[in-house]
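Structural overview for review
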Amino acid sequence: MTTDTTPGSNNTNDRNISTDTSESLREWTAARNKAQRVSADVVVEDGDGMATSVADHYEQCRGVYEELATIGDEYETLAVPDNTTWYVSEQSDPEAEYPWEARPLPLRETLRALGDTDRVLYAVTSYKPCNTVRQTAPHRYGDNGIKWAESNPLPGYENLAGFGLFVDLDLSDDLKAQRGELDADIVSSMEAVIEAYCDAVADLYGGHKHVYALDSVGGVYVFGAPAVTIPISEHFDGRDRELVMKAFRERSNEYLQIKQDEIEATIPAATNITDPDYCQNVNRQYKAPLALHKDHDAVVTPIDTQDATYDYTPLTAVDDTLVDRAKDWAAGLTSLNYADESVTDRLVQQLWPDYYGEHSDWRAALKAFVDDELSGSDGDSVDVRTEDDDSSSDDRVAGVRLTRDFEDVKRAVGNLDIERVAEKTIAYEWTDSKTGFTDRSGSGKRAFIPVWGTDANSGNANFIDKNEGTWVDSSESHQAGPVEMALVAEKEENWYRDRYRHARGIDWWCGVGILRNKGFEIPVYCPDAKTADGDKMPLWSFIKAARVLGVIDEDDLVERESEDGGTYTGFCNAVTYNRALAAVEDAGFNTNREPADADEDTAAYESVLGEYADDGWEPWTEPAQCLVACLRARDDGAVAEGAEPPRLALHPIIKIISDEDPSEVSAGVVELAVDTFQELDAAEAAQEFGVPTNGGGRV
């Protein structure tokens, strides 16, 4: 079993580069060796010449991470050493399309090879049941990293157990660069701000014993004890737990935003010296205690939440006393003693005051909240932000009317011909058309035999009410509308078996999508910068609008990896993005989005890229294939001499020159990569980067 260091993954340290094929490749390798900043045996020296090995440092801190890795025996957290990979992979079937199986990398498994950490050991703020972090998913390796057969195996909100409040209290950018040399007044103000945020978290949880803080070097982390939510995870599972945990994240963030206003009003300096980030999520990374900072030769250290001192701690200053203090800190954070229902009760009372006020018990309050989230009436309580999760509607969007107004969608659904809806969904046969049966449903109604009861005795239990635009099952005293009828007909989730309920949220949007696919004219809801909650048109809405307008299709979209290890759908390249942006804004939408950087050289290459790609290539998304296609185009004279290729084509070269993320390297590295590109030829690059050619593109 190996960690994910296979060529093509995000970790490029093990890529083997031949240096005898050309002079340019020899220079290439030399440049890479110069640019490599750290390795497992790096030694850090202070101003007095005292040296510390990073590998030895992490071995010295092993006890800290043993404590941090788990809550009790049942729950564990993940690790992302050097932010290179989330996964451990092993080959399952070399002949399969997806020959590798990957699973998340637990922190306690990282303990086996702590010395391999180059610089920064990241942990994850939340804890999940051990079995959920052992789930695997098939994949293969491409030039741009892992390609999943379906989706990655990272745990989701439905798997959360220990999930505490988390604040990433960053220093402002200019002060972050000065860390270690901050003025005494700034340090004093920072200490006051730290204590204020810790007090705020203590107020929520019921005391400072539930609050933990770390000097992150670039700021401060403040934690609420994660085990407090374990009773919630034991009482709720599946979708119910997902709803509660997401709401906990949102409500605790709202609480912190209110407290931020109070703190900045009390401590005016807080506005200038800190930049709070409330970005807790299911797989939120943070630098573990005593981890080395990526830019400063200093380590993350515990802070007293009631008597904060903001002291810079160089790596060379770490001793056994500090290690023991960090070990105690980690043992406290992960204590199972915090899985105390009295604390859980207080947390729910604070964050769900409306529900708790009515029920006076945390279980009953959250049950009522979940019931409200899952129930509703014909979309009256639909969360309008969830159409981006409606995968069903993606099959049929081109040519459908767009709207910024959610009420337009509800009106369209409410005005559908309910008789026609029944014929296309749950009506197996109309009662009045079946020999020997009589429709007794009454005026303005029409009875039918449903698809789940084709052997009906009388055929009158189910009918549609034309005036109300609803379906009624009199045997269950149940009334619902077109959306529920669509969900039942398509057997979405458990709707066929458990059909006597009402749709809301994602389910409601899914039902709307099914109705569209069946030919019903329902506008597509696409909020823009004026009608969305944020300051610009949401990405999902922007993409959906572009698809409806017909300027992009599924081939123009790719799955990209987000910072928390998940994925999202984005555009394949800047040219496509800008084409969509122009069309959506021409249609009258206010996107408040800036055009992507796509200069004339890039546009010239991208306009002919498909002509120089072999059959089956994906040059818009696969860096090595993009590189070879661009080289072919250049050699064929399809672009101007000396034109700079798209940045995607430079990624394979940059990965050899530098260990940094190709999208974040300096201008000097990019310039070196461009120079190397101009010296390569297509055949050489195809061989070097393992791009199989089949003659489908021009040469």
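Not measured: the values here are computed from a predicted model.

**Description of the overall build of the protein**
Along the protein, the regular secondary structure elements total 24 helices and 27 strands. Evaluated residue by residue, the protein yields a buried proportion of 55% over its 699 residues. Considering only contacts in the protein between residues 6 or more positions apart, those separated by 24 or more positions represent 68%. About 30,600 Å² of surface is accessible on the protein, with carbon and sulfur atoms providing 41% of the total.

**Quick notes on helix H23 (residues 667–679)**
Counted at 1.5 Å a residue, the expected span for H23 with its 13 residues is 18 Å, and the 19 Å between its end C-alpha atoms agrees. Taken residue by residue, H23 has Val669, Val670, Ala673, Val674, Thr676 and Phe677 as its buried positions. Seen end-on, H23 carries its buried residues on one side only, within an arc spanning 165°. Residues of H23 that are exposed and angled more than 90 degrees away from the buried face: Ala667 and Glu671.

**Quick look at empty space enclosed by the protein**
Per the counting criterion, the structure on display carries one cavity of 30 Å³ or more. A volume near 30 Å³ is recorded for the largest cavity. Surrounding the largest cavity, Thr125, Gly164, Leu165, Phe166, Phe223, Gly224, Pro226 and Gln280 form its lining. Looking at the lining of the largest cavity, its residues break down into four nonpolar, four polar and no charged.

**With respect to the sheet that holds strand S16 (residues 274–277)**
As summarised here, the arrangement of the five strands in space is S16-S13-S15-S14-S18, forming an open sheet in which the pairing is antiparallel. Where the open sheet ends on each side, the last strands, each with one partner, are S16 and strand S18 (301–303). Each adjacent strand pair in this sheet contributes to an overall mean axis angle of 25°, direction not counted. Pairing geometry for strand S13 (residues 166–171) and strand S15 (residues 219–224), over five bridges, is antiparallel. Its bridge partner being in S15, Leu169 is matched across the sheet by Val220. With respect to the sheet, helix H6 (residues 184–205) is in contact with S13, strand S14 (211–215), S15, S16 and S18, its orientation differing from that of S15 by roughly 15°.

**Quick word on the pairing of strand S8 (residues 100–104)**
Burial of S8 is extensive: four of the five residues sit out of reach of the surface. Pairing of strand S7 (residues 87–91) with S8 involves five bridges; the strand directions are antiparallel. When the sheet's bridge partners are listed, Ser89 is paired in S8 with Ala102.

**With respect to the side chain of His293**
Of note, His293 is situated in the loop between strand S17 (285–287) and S18. Judged by relative accessible area, His293 falls into the buried class, the value being 6%. Separated by 2.9 Å, the side chain of His293 and the backbone nitrogen of Asp295 make a polar contact. Ignoring anything within four residues of it in the chain, the contact list for His293 reads Arg119, Val120, Ser216, Val217, Gly218, Lys287 and Ala298.

**With respect to helix H19 (residues 574–586)**
Helix length check: H19, at 13 residues, gives a terminal C-alpha distance of 18 Å against a target of 18 Å (1.5 Å per residue), a fit within 8%. Phi turns positive, to about 105°, at Gly588, one or two residues after H19.

**Digging into the side chain of Thr229**
Along the chain, Thr229 turns up in the loop between S15 and helix H7 (230–235). Among the polar contacts made by the side chain of Thr229, one reaches the main-chain amide nitrogen of Phe163 at a distance of 2.8 Å.

**A look at the packing of aromatic side chains**
The full count for this structure, using the stated rule, is 27 aromatic pairs. The interplanar angle of 65° and the centroid separation of 5.9 Å between the aromatic rings of Phe406 and Trp508 together place this pair among those described as edge-to-face. Of this pair, Phe406 sits in helix H14 (residues 406–414) while Trp508 sits in helix H17 (residues 505–517), and the two are 102 residues apart along the sequence. Each of the two residues, Phe406 as well as Trp508, counts as buried. Measuring from centroid to centroid gives 5.2 Å for Phe542 and Phe571, while their planes differ by 45°, and the two rings are tilted. Here Phe542, found in helix H18 (residues 539–548), pairs with Phe571, found in strand S27 (residues 567–571); they are 29 residues apart in sequence, far enough to count as distant.

**Looking at the packing of helix H22 (residues 647–657) against H23**
Contact pair H22 / H23: the axes reach a minimum separation of 9 Å and the direction vectors enclose 105°. Taken as axis vectors, H22 and H23 run roughly perpendicular relative to one another. Facing H22, whose interface residues are Arg647, Leu650, Ile653, Ile654 and Ile657, H23 presents Val669, Val670, Leu672, Ala673, Val674, Thr676 and Phe677. Among the residues forming the contact of H22 with H23, the class breakdown is ten nonpolar, one polar and one charged.

**Overview of the sheet that holds strand S21 (residues 445–450)**
Hydrogen bonding along the main chain pairs the strands of a sheet, whether they run parallel or antiparallel. As summarised here, the arrangement of the five strands in space is S20-S21-S22-S23-S24, forming an open sheet in which the pairing is antiparallel. Whereas interior strands pair on both sides, the edge strands pair on one side only; in this sheet they are strand S20 (427–430) and strand S24 (478–480). Averaged over neighbouring strand pairs, the angle between their axes works out to 35° when direction is ignored. One ladder, built from four bridges, connects S21 with strand S22 (residues 462–465); its direction is antiparallel. For Phe448, the partnering residue across the bridge sits in S22 and is Asn462.

**Comments concerning a negative patch on the surface**
Taken together, the side chains of Asp319, Asp320, Asp324 and Asp328 make up a negatively charged region of the molecular surface. Residue position: Asp328 is located in helix H10 (residues 320–333).

**A closer look at the pairing of S22**
Burial along S22 is two-sided: the face carrying Asn462 and Ile464 and the face carrying Phe463 and Asp465 are both buried. Adjacent in sequence and paired antiparallel, S22 and strand S23 (residues 470–473) are bridged by four residues, among which Gly469 carries a positive phi angle near 70°.

**Section: the pattern of salt bridges**
What the rule picks out here adds up to 27 salt bridges. Taking the shortest distance from any N to any O, the salt bridge between Lys176 and Asp170 comes out at 3.8 Å. Ionic pairing is found between Arg634 and Asp635, a salt bridge with its closest N-O pair at 2.7 Å. Since its relative accessible area comes to 47%, Asp635 is described here as partly exposed. The network of salt bridges with shared partners includes Glu76, Arg103, Arg108, Glu109 and Arg134.

About the cut-offs
- Residues numbered from 1 in each chain as written.
- Predicted model: local features only at pLDDT ≥ 70, side-chain atom pairs only at ≥ 80, totals over all residues.
- Heavy atoms only, no water.
- Helix = DSSP H or I, 4+ residues; strand = E, 2+ residues; numbered from the N terminus.
- Buried < 20%, exposed > 50% of the residue type's maximum accessible area, 1.4 Å probe, protein only.
- Contact = heavy atoms within 4.5 Å.
- Areas by Shrake-Rupley, 256 points an atom, 1.4 Å probe, with all protein chains shown as cover.
- Expected span 1.5 Å × (residues − 1).
- Arc of directions from axis to C-beta.
- 1 Å grid on protein atoms, 1.4 Å probe; cavity = no way out; pocket = protein on both sides within 12 Å on 5 of 7 lines; lining within 4 Å.
- Points joined across faces, edges and corners; volume = space filled by probe spheres on them.
- Nonpolar A, V, L, I, M, F, W, Y, C, P; charged D, E, K, R; others polar.
- Pairing = 2+ DSSP bridges.
- Axes fitted to C-alpha atoms, helices over the stretch in contact; angles between N-to-C directions.
- Polar contact = N/O pair within 3.5 Å; in protein donor to acceptor, adjacent residues only side chain to side chain.
- Phe/Tyr/Trp six-rings, centres within 6.5 Å; stacked < 30°, edge-to-face > 60°.
- Parallel < 35°, antiparallel > 145°, perpendicular 65-115°, else oblique.
- Patch = residues over 30% accessible without salt bridge, like charges linked within 9 Å, V, L, I, M, F, W, Y side chains within 5 Å.
- Salt bridge = Lys/Arg side-chain N within 4 Å of Asp/Glu carboxyl O.
- Lys, Arg positive; Asp, Glu negative; His and termini not counted.
- Charge placed at Lys NZ, Arg CZ, Asp CG, Glu CD.

Honestly, that's just the spatial picture; any functional story needs more than this.
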